Amino acid sequence: MSDRREFGVETDRLRGASPATVRGALADGDPLPGTAGFAGAADGRVVRDALGRQPVFTGADDPETWSFDPAALSDPDPVPAGHARDSDGDERVWTLPDPDPATDERAAVRAVRQGVRGAVDDAPTEGLAVAFSGGVDSAALAARLSAPLYVAGFPDSHDVEAARSAAAKLDREIRVVELAHGDIERAVPEVAAATGRTNAMDVSIALPLYLVAERAAADGYDRLAVGQGADELFGGYAKVARAPDDERVAADTVRGARREVVATLPDQLERDVLALRAAGVEPVAPLLDDRVVAAALDLPGDLLVTDRGERKWALRLAVREWVPDPVAFREKKAVQYGSLVSRELDRLARRAGFKRRMDDHVGQYVDSLC
């Protein structure tokens, strides 16, 4: 059944928040009104929350026809995060706060702990599974949720090993989705169709999420808890840790670089949410709850990255109350590398005749599968 809507048919239809909450946020400009993200139509406009946690689209030439599913529109155009769209165009209605850094570091860590604990404990548990890679982000969820844990990766991949080790320390079982080349070849066109993207990076990130979600859905689960947002909010990227010496960021401080990567979340979340929904599950992202976002934005730079280069420091300190230290303080690879999906996608491309000397050889290979 199509998800397409027109304002004249259904003016208030939202995901993630009630019409009253969204109207209140519109009235007072509050970018963090106590939700985990929202989007949809309210009062004759299509809106998307300040972090873009719920993607929503309109027709490129018909902004009054909209959908949560881009496939329902002939020419979908995503509504930018923090904006409201109508026939007159886009208006920014919410901007993330940019507070001065907290001076009481213990209180700042305590606020993160309270935010994460509250958000995870409030997550809907019916039909819920957990995408678990063994790092601090997914462990913060897994240790508080009575839900099965899933990891995807090629044999001997870092993520599978880390997930098994961390699950043992949490005294939990882990369900391993062991990948093979056939899984990648089959899933690439499905992921590309769902996300509208064929570039190598987006596809290699979305693939393990999609394949974990697909297995969880096949096992009867229709929600998947994910740790999305933690790296961006808490300083998990190497380029943030190296600011201002990393040319990939323009900022001259860790906090400024963190704000730059937070600004990339709407585009990333659009990809991840669409891939997970295509696999048959609805994502649940407690670490993107407004309580967590507000606490993270308050952090000083040395609670994002220590002077020893330890990243996501405040998050690690916060969750050690329920996550064992060997897991809370473990470094982990990005999913596309930890699962070996990126490496094996490159290998498949070369086997198919797309050599590394060619421009964007993996992207060409992806296009060939689609």
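Fair warning: this is a prediction, and the values are worked out from it, not measured in the lab.

1. Let's talk about the pattern of salt bridges
Moving on, step 1. Counted under the stated rule, the structure contains 34 salt bridges.
Moving on, step 2. Among the ionic pairs, Lys312 bridges to Asp137, the shortest N-O distance being 3.0 Å. Placement of the pair is Lys312 in the loop between α12 (301–304) and α13 (313–319) and Asp137 in helix α3 (residues 136–142), with a sequence separation of 175 residues. Both residues of the pair, Lys312 and Asp137, count as buried.
Moving on, step 3. Of the charged contacts, one joins Arg186 and Glu190 as a salt bridge, the two residues approaching to 3.2 Å between their closest N and O atoms.

2. Some remarks on the pairing of strand β12 (residues 174–178)
Moving on, step 1. With 5 bridges joining them, strand β11 (residues 149–153) and β12 adopt parallel strand pairing. The residue of β12 that forms the bridge with Leu149 is Ile174.
Moving on, step 2. Handedness of the crossover is the feature at issue here: the chain leaves β11, passes through helix α4 (residues 158–169), returns alongside β12, and the resulting connection is right-handed.

3. Considering the sheet that holds strand β2 (residues 13–15)
Moving on, step 1. The strand order across the open sheet formed by 5 strands is β2-β3-β4-β8-β9, and the pairing between neighbours is antiparallel. At either margin of the open sheet sits one strand with a lone partner, and together these are β2 and β9 (89–92). Across this sheet, the average inter-strand angle for adjacent strands is 25°, counted without regard to direction.
Moving on, step 2. Alignment of strand β8 (residues 83–86) against β9, held across 4 bridges, turns out to be antiparallel. Bridged to Arg85 within β9 is Asp90.
Moving on, step 3. Packed onto the sheet, helix α1 (residues 19–28) meets β2, β3 (39–42) and β4 (45–48) and runs at close to 85° relative to β4.

4. Overview of the packing of helix α5 (residues 181–195) against helix α6 (residues 200–218)
Moving on, step 1. Close contact between α5 and α6 brings their axes to 10 Å; oriented N to C, the two are set at 105°. Taken as axis vectors, α5 and α6 run roughly perpendicular relative to one another. Taken together, the residues of α6 that come into contact with α5 (itself represented by Asp183, Ile184, Arg186, Ala187, Val188, Glu190 and Val191) are Val203, Ala206, Leu207, Tyr210, Leu211 and Glu214.
Moving on, step 2. Per-class residue counts for the contact of α5 with α6 are 9 nonpolar, no polar and 4 charged.

5. A few points about the sheet that holds strand β10 (residues 128–131)
Moving on, step 1. Spatial ordering of the open sheet is given by β12-β11-β10-β13-β14, a layout of 5 strands whose pairing is parallel. In the strand order of this sheet, the two ends are held by β12 and β14 (282–284), each with one partner. Strand-to-strand, the axes of this sheet are offset by a mean angle of 35°, without reference to chain direction.
Moving on, step 2. Inspection of the sheet shows β10 paired to strand β13 (residues 223–225) by 3 bridges, in the parallel sense. Each bridged residue has a counterpart across the sheet, and for Leu128 the counterpart in β13 is Arg223.
Moving on, step 3. Strands β11 and β12 of the sheet are contacted by α4, whose axis makes an angle of about 160° with β11.

6. A few points about helix α2 (residues 105–121)
Moving on, step 1. End to end, α2 covers 24 Å across 17 residues, agreeing with the expected 24 Å (1.5 Å per residue, within 8%).
Moving on, step 2. Those residues of α2 lying buried are Ala108, Val109, Val112, Arg113, Gly115, Val116, Gly118, Ala119 and Val120.
Moving on, step 3. Packing partners of the buried residues in α2 comprise α3, α7 (230–234), α11 (290–297), α12 and α13.
Moving on, step 4. For α2, the N-terminal cap is Asp104; the gap from its side-chain oxygen to the backbone nitrogen of Arg106 is 3.3 Å.

7. Let's talk about the environment of Gly52
Moving on, step 1. Inspection of the secondary structure puts Gly52 in the loop between β4 and β5 (57–59).
Moving on, step 2. Separated by 216 residues in the primary sequence, Gly52 and Gln268 place their C-alpha atoms 9.2 Å from one another.
Moving on, step 3. With near-sequence residues (within four places) excluded, Gly52 lies in contact with Ala81, Pro266 and Leu269.

8. Some words on the packing of aromatic side chains
Any two aromatic rings considered together are summarised by their centre-to-centre distance and by the angle between their planes.
Moving on, step 1. Per the stated rule, a full pass over the model turns up 5 aromatic pairs.
Moving on, step 2. Geometrically, the ring pair formed by Phe38 and Trp94 is edge-to-face, given 5.2 Å between the ring centres and 85° between the ring planes. Here the residue Phe38 occupies a position in the loop between α1 and β3, and Trp94 occupies one in the loop between β9 and α2, the gap between them amounting to 56 residues.
Moving on, step 3. Here Phe38 falls in the buried class, since its relative accessible area comes to 1%.
Moving on, step 4. Considering the side-chain rings of Trp66 and Phe68, the 5.1 Å spacing of their centres and the 85° angle between planes classify their relative orientation as edge-to-face. You'll find Trp66 and Phe68 in the same group, each marked buried.
Moving on, step 5. Above the ring of Trp322, the side-chain terminus of Arg144 is found at 4.7 Å from the ring centroid.
Moving on, step 6. Its guanidinium or amino end placed over the ring of Trp313, Arg308 lies 5.7 Å from that ring's centre, counting from NZ or CZ.

9. Things to note about the nonpolar core
Moving on, step 1. With 74 residues, the main nonpolar core has Val116, Phe132, Phe234 and Val319 as its most contacted residues.
Moving on, step 2. With residues near it in sequence (within four places) discarded, Val116 still touches Ala140, Leu287, Val292, Leu315, Val319 and Trp322.

10. Details of the environment of Val261
Moving on, step 1. Considering the arrangement of structural elements, one finds Val261 in helix α9 (residues 254–262).
Moving on, step 2. Taking the relative accessible area as the measure of exposure, Val261 reaches 4% and is therefore buried.
Moving on, step 3. For Val261 and Trp322, which are 61 residues apart along the polypeptide, the C-alpha to C-alpha distance reads 28 Å.

11. Here's the deal with α9
Moving on, step 1. Turning to α9, its buried residues are Val254, Arg255, Ala257, Arg258, Val261 and Val262. Summarising the axial view, the buried residues of α9 lie within an arc of 160°, below the 170-degree limit, and thus occupy one face.
Moving on, step 2. Structurally, α9 contributes buried residues whose contacts are with α7, α8 (238–241), α10 (265–278), α11 and α12.

Analysis parameters
Residues numbered from 1 in each chain as written. Predicted model: local features only at pLDDT ≥ 70, side-chain atom pairs only at ≥ 80, totals over all residues. Heavy atoms only, no water. Salt bridge = Lys/Arg side-chain N within 4 Å of Asp/Glu carboxyl O. Helix = DSSP H or I, 4+ residues; strand = E, 2+ residues; numbered from the N terminus. Buried < 20%, exposed > 50% of the residue type's maximum accessible area, 1.4 Å probe, protein only. Pairing = 2+ DSSP bridges. Right-handed = clockwise from strand over helix to strand, strands pointing away. Axes fitted to C-alpha atoms, helices over the stretch in contact; angles between N-to-C directions. Contact = heavy atoms within 4.5 Å. Parallel < 35°, antiparallel > 145°, perpendicular 65-115°, else oblique. Nonpolar A, V, L, I, M, F, W, Y, C, P; charged D, E, K, R; others polar. Expected span 1.5 Å × (residues − 1). Polar contact = N/O pair within 3.5 Å; in protein donor to acceptor, adjacent residues only side chain to side chain. Phe/Tyr/Trp six-rings, centres within 6.5 Å; stacked < 30°, edge-to-face > 60°. Lys NZ or Arg CZ within 6 Å of the ring centre and 35° of its normal. Core = buried A, V, L, I, M, F, W, Y, C linked by side-chain atoms within 4.5 Å. Arc of directions from axis to C-beta.

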